[in-house]
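# Summary of structural features
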Amino acid sequence: MKQLRFIVVALALLCSAFSFAQVESDNKRSNPHAGYRGILDVNYALGVGEHSINRFGLSTVHGYDFNRYIFTGIGVGFNYFYDSESFNLPIFADARFLLPFEDNAALFLDCRIGYSLLDADGLYMSPSFGLRLGRKTAITLSVGYDFQHYDAIYRGHLSDGTYIYEKDNAGAITFRLGMDF
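To start, this report covers the structure provided alongside it. (Residues numbered from 1 in each chain as written. Predicted model: local features only at pLDDT ≥ 70, side-chain atom pairs only at ≥ 80, totals over all residues. Heavy atoms only, no water.)

Moving on, we get to the packing of aromatic side chains. For the coordinates displayed, the defined rule picks out seven aromatic pairs. Pairing Tyr80 with Phe87 gives two aromatic rings, centres 5.1 Å apart and planes at 40 degrees, and the pair type is tilted. Its guanidinium or amino end placed over the ring of Phe108, Arg96 lies 4.2 Å from that ring's centre, counting from NZ or CZ. (Phe/Tyr/Trp six-rings, centres within 6.5 Å; stacked < 30°, edge-to-face > 60°. Lys NZ or Arg CZ within 6 Å of the ring centre and 35° of its normal.)

Rendered as structure tokens:
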């Protein structure tokens with residue numbers, strides 16, 4: 001019974017891969033800019049606000065270029081908050097809107113929104129703007145703002161040592177250096 005389920009799932013995946021390849025092939029003929037795109041970037045975030053926690057990290061996004069102006073994808077990152085020695089793992093949807101101004105250069109607006117896990121769990125959002133240099137394989141530079149919502153735990157001022165839980169933002173100005181492939 002388990003072998004039959006495995007065979008059915010494998011056939012379904014194989015059929016979907018072939019149909020996706022056909023759509024991809026048809027799309028390439030009608031729109032040469034459409035197709036898969038992967039993004040890998042490293043970042044440094046300079047903490048701002050009441051809870052200014054600096055961090056650095058890396059992220060990867062994989063998705064689809066609909067044309068030379070619109071990209072959407074799903075991504076995951078890993079950030080190390082070195083001031084507080086904590087980590088987070090944001091999982092997010094990404095939308096990027098490009099404005100080409102030369103054959104191999106474009107300005108872009110990018111917005112990542114999702115949820116973070118581990119030490120700083122909560123809503124994650126990171127809008128940014130930047131410059132993309134290259135055609136299919138490109139280097140990107142961007143600056144933006146990271147909104148990281150998390151539950152902060154403070155020791156209360158009461159003699160019984162109660163803890164106070166608050167929702168807070170560990171906001172930061174983010175600088176990213178990336179590669180599109």
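A regular strand carries its side chains on alternate faces of the sheet. Covered by surrounding structure in strand S3 (residues 70–81) are Phe71, Gly73, Gly75, Gly77, Asn79 and Phe81 only, the residues Ile70, Thr72, Ile74, Val76, Phe78 and Tyr80 on the alternate face being uncovered. Alignment of strand S2 (residues 55–65) against S3, held across ten bridges, turns out to be antiparallel. Along S3, the bridge assignment pairs Leu58 with Phe78. Here S2 folds back onto S3, and the loop between the two strands holds four residues. Strand direction decides the pairing type here: S3 and strand S4 (residues 86–102), joined by ten bridges, are antiparallel. In the strand pairing of S4, Asn79 is matched with Asn88. Taking the residues between adjacent antiparallel strands as the criterion, S3 and S4 are bridged by four residues, where Glu85 takes a positive phi near 50 degrees. (Buried < 20%, exposed > 50% of the residue type's maximum accessible area, 1.4 Å probe, protein only. Helix = DSSP H or I, 4+ residues; strand = E, 2+ residues; numbered from the N terminus. Pairing = 2+ DSSP bridges.)

Even without being glycine, Glu85 reaches a positive phi, approximately 50 degrees. If you trace the backbone, Glu85 turns up in the loop between S3 and S4. Even without being glycine, Leu118 reaches a positive phi, approximately 80 degrees. Turning to its location among the elements, Leu118 is positioned in strand S5 (residues 105–118).

Attention shifts here to the environment of Gly75. By secondary structure assignment, the location of Gly75 is in strand S3. With a relative accessible area of 5%, Gly75 lands in the buried category. For the pair formed by Gly75 and Asp94, sequence separation is 19 residues and the distance between their alpha carbons is 6.9 Å. Residues in contact with Gly75, not counting those within four places in the same chain, are Thr60, Val61, Pro90, Ile91 and Phe92. (Contact = heavy atoms within 4.5 Å.)

Looking at the secondary structure, you find Arg112 in strand S5. For Arg112, a relative accessible area of 1% puts it in the buried group. Among the polar contacts made by the side chain of Arg112, one reaches the side chain of Asp41 at a distance of 2.8 Å. Other than its neighbours up to four places away in sequence, Arg112 contacts Asp41, Ser59, Val61, Phe92, Ala93, Asp94, Tyr124, Met125, Ser126 and Arg176. (Polar contact = N/O pair within 3.5 Å; in protein donor to acceptor, adjacent residues only side chain to side chain.)

The full count for this structure, using the stated rule, is ten salt bridges. Asp110 serves as the salt-bridge partner of Arg96, at 3.3 Å between the closest nitrogen and oxygen. Here the residue Arg96 occupies a position in strand S4, and Asp110 occupies one in strand S5, the gap between them amounting to 14 residues. With respect to burial, Arg96 and Asp110 carry one shared label: buried. Among the charged side chains, a salt-bridge network with shared partners connects Arg37, Asp41, Asp65, Asp94, Arg96, Asp110, Arg112, Arg132 and Asp180. (Salt bridge = Lys/Arg side-chain N within 4 Å of Asp/Glu carboxyl O.)

This part covers the environment of Arg55. Tracing the chain through its elements places Arg55 in strand S2. Along the backbone, Arg55 and Tyr44 are eleven residues apart, and their C-alpha atoms lie at a distance of 6.0 Å. Side-chain polar atoms of Arg55 contact the backbone oxygen of Ile53, separated by 3.0 Å. A polar contact of 2.8 Å, which involves the side chain of Arg55, links it to the backbone oxygen of Ala170.

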